[in-house]
Amino acid sequence: MHPFAKEIQEKSGQNLSRCYQCKKCTGGCPTVCWFEWPNHGVVRMVQKGMKEELLGSKAIWMCVTCETCGTRCPNGIYLSPIMDALRCLAVEEGRPLPEPAVIAFHRAFVGSARRFGRVHEATMLAEFMWKSKMFLQKGFVGEALGGAKLFAKGKIPLMPSSVKGKAQVARIFDESGLKL
Ligand code: SF4
Ligand code: SF4
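All of these numbers come straight from a predicted model, not from anything done at the bench.

Reading the values: the criteria
- For every chain, the first residue of the written sequence is number 1, and numbering continues from 1 along that sequence.
- A letter from A marks each chain and a number from 1 marks each ligand, given out in the order of writing.
- Residues qualify for local features only when their pLDDT is at least 70, as the model is predicted, and side-chain atom pairs are given and counted only at 80 or more; totals for whole chains, interfaces and linings, by contrast, use all residues.
- Side-chain numbers come from the whole structure's heavy atoms, not from hydrogens or water.
- Pairing of aromatic rings covers Phe, Tyr and the six-membered ring of Trp, with a centre-to-centre limit of 6.5 Å; geometry is then stacked below 30 degrees between planes, edge-to-face above 60, and tilted otherwise.
- Under the DSSP-based scheme used, a helix requires at least four consecutive residues in state H or I and a strand at least two consecutive residues in state E, with every element numbered from the N terminus.
- Here, a charge over a ring is recorded when the distance from Lys NZ or Arg CZ to the ring centre is within 6 Å and its angle to the ring normal is within 35 degrees.
- Consider each residue's heavy atoms; a residue with any of them within 4 Å of a molecule or strand counts as near.
- In this classification, Asp, Glu, Lys and Arg are treated as charged, Ala, Val, Leu, Ile, Met, Phe, Trp, Tyr, Cys and Pro as nonpolar, and every other residue, Gly included, as polar.
- Partly exposed describes any residue whose relative accessible area lies between the buried limit of under 20% and the exposed limit of over 50%, with all areas from a 1.4 Å probe on protein chains only and scaled to the type maximum.
- By definition in these notes, contact holds between two residues if any of their heavy atoms fall within 4.5 Å.
- The term salt bridge refers to a pairing of a side-chain nitrogen on Lys or Arg with a carboxyl oxygen on Asp or Glu at a separation within 4 Å.
- Helix span is expected to be 1.5 Å times the residue number reduced by one.

**Q** Can you explain the packing of aromatic side chains? Please cite residues and give values.
**A** Ring pairs (aromatic) are described by centroid distance and by the angle formed between their planes. Under the counting rule described, the total for this entry stands at two aromatic pairs. Between F105 and F109, the aromatic rings sit 6.0 Å apart at their centres with planes inclined by 35°, giving tilted as the arrangement. Taken as a pair, F105 and F109 lie in helix α8 (residues 100–116) at a separation of four residues, close to a single helical turn. Through a chain of ring-to-ring contacts, the aromatic side chains of F105, F109 and F128 assemble into a single cluster. Directly above the ring of W130 sits K133, whose terminal nitrogen or CZ lies 4.8 Å from the centroid.

Shown next, in the form of structure tokens:
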């Protein structure tokens, strides 16, 4: 096995050598249209040690961890932990990240959970919009108006609610060594 494949196999806990390229994972993936390669291709590339291509790809950031691929795979291989392992490696190695909006969302989401002990949608969305510069994109006004209706109906609270054990939640993030 290629050393890169061995590393990803260990980090993800998935047995890559069991993949026989049946493509059932690809057939069920809801986001494969945004990947550069189909799911079975990603597995093959890991097996072949194509680290540079994978760590610089959009595919690893467009997986939404729905786990459909794993439930369809006859060999029980889940792509989501493989994608997670590739993402972590890309961040650890300081690679240029091709999907800044996805990264901005991850950071806003985790930052909100760290600050309030749970995600507060209003401030998380504001931070995400600001950091990703989504407010400059076409169609933003329509989406913002849709969001405003949710506020008006009280579906999204304006103020974060207090959560028991907030400090402990923050400590979990601190001890994980996560950099936001
Ligand atoms: S479904 Fe499983 S065995 Fe088939 S190509 Fe995908 S990962 Fe490989
Ligand atoms: S877990 Fe990721 S790769 Fe697998 S089906 Fe869902 S989006 Fe696609």
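More follows now that the structure is in view.
**Q** Would you mind going over the site of ligand 2 in detail, with residue names and values included?
**A** Neighbouring ligand 2 are 13 residues, the closest being C29, C63, C66, E67 and C69. Breaking the shell around ligand 2 down by element, the ones donating at least two residues are α6 (68–72) and α7 (79–92). Of the residues assigned to the shell around ligand 2, the class counts are seven nonpolar, five polar and one charged.

**Q** Give me the environment of Y20: which residues, what numbers.
**A** Within the secondary structure layout, Y20 lies in the loop between α1 (3–12) and α2 (24–28). Exposure remark for Y20: the relative accessible area of 53% places this residue in the exposed category. Sequence spacing of Y20 and S161 is 141 residues, and the spatial spacing of their C-alpha atoms is 49 Å. Sequence-distant contacts of Y20, defined by excluding residues within four places in its chain, comprise P74 and N75.

**Q** An account of the site of ligand 1 is requested, with residue identities and associated values reported.
**A** All residues adjacent to ligand 1 are C19, Y20, Q21, C22, K23, K24, C25, H40, C73, P74 and N75. When grouped by side-chain class, the residues that make up the shell around ligand 1 number six nonpolar, three polar and two charged.

**Q** An account of the environment of M159 is needed here, citing residue identities and associated values.
**A** Mapping M159 onto the fold places it in the loop between α10 (140–152) and α11 (166–176). Along the chain, M159 and F135 lie 24 residues apart, while their C-alpha atoms are 22 Å from each other.

**Q** With reference to specific residues and values, describe the pattern of salt bridges.
**A** The tally for this structure, following the rule as stated, stands at ten salt bridges. Here D84 makes a salt bridge to R87, at a shortest N to O gap of 3.0 Å. Pair noted here: D84 and R87 are both in helix α7, with a separation of three residues, about one helical turn. Several salt bridges share partner residues, and in doing so they unite K51, E52, E93 and R95 into one network.

**Q** Mind laying out unusual backbone geometry, listing which residues take part and the relevant values?
**A** In this structure, K23 takes a positive phi of about 75° despite not being glycine. Position of K23 relative to the elements: it lies in the loop between α1 and α2. Of the residues examined, K23 reaches a relative accessible area of 47% and is grouped as partly exposed. Positive phi, close to 55°, is recorded for T65, a residue that is not glycine. If you trace the backbone, T65 turns up in the loop between α5 (59–62) and α6. Classification of T65 as partly exposed rests on a relative accessible area of 37%.

**Q** Residues and numbers for α10, please.
**A** Look at α10: 18 Å from first C-alpha to last across 13 residues, which is about the 18 Å you get at 1.5 Å a residue. A positive phi of about 75° marks G154, the residue just after α10.

In short, shape yes, function no, at least from these values alone.
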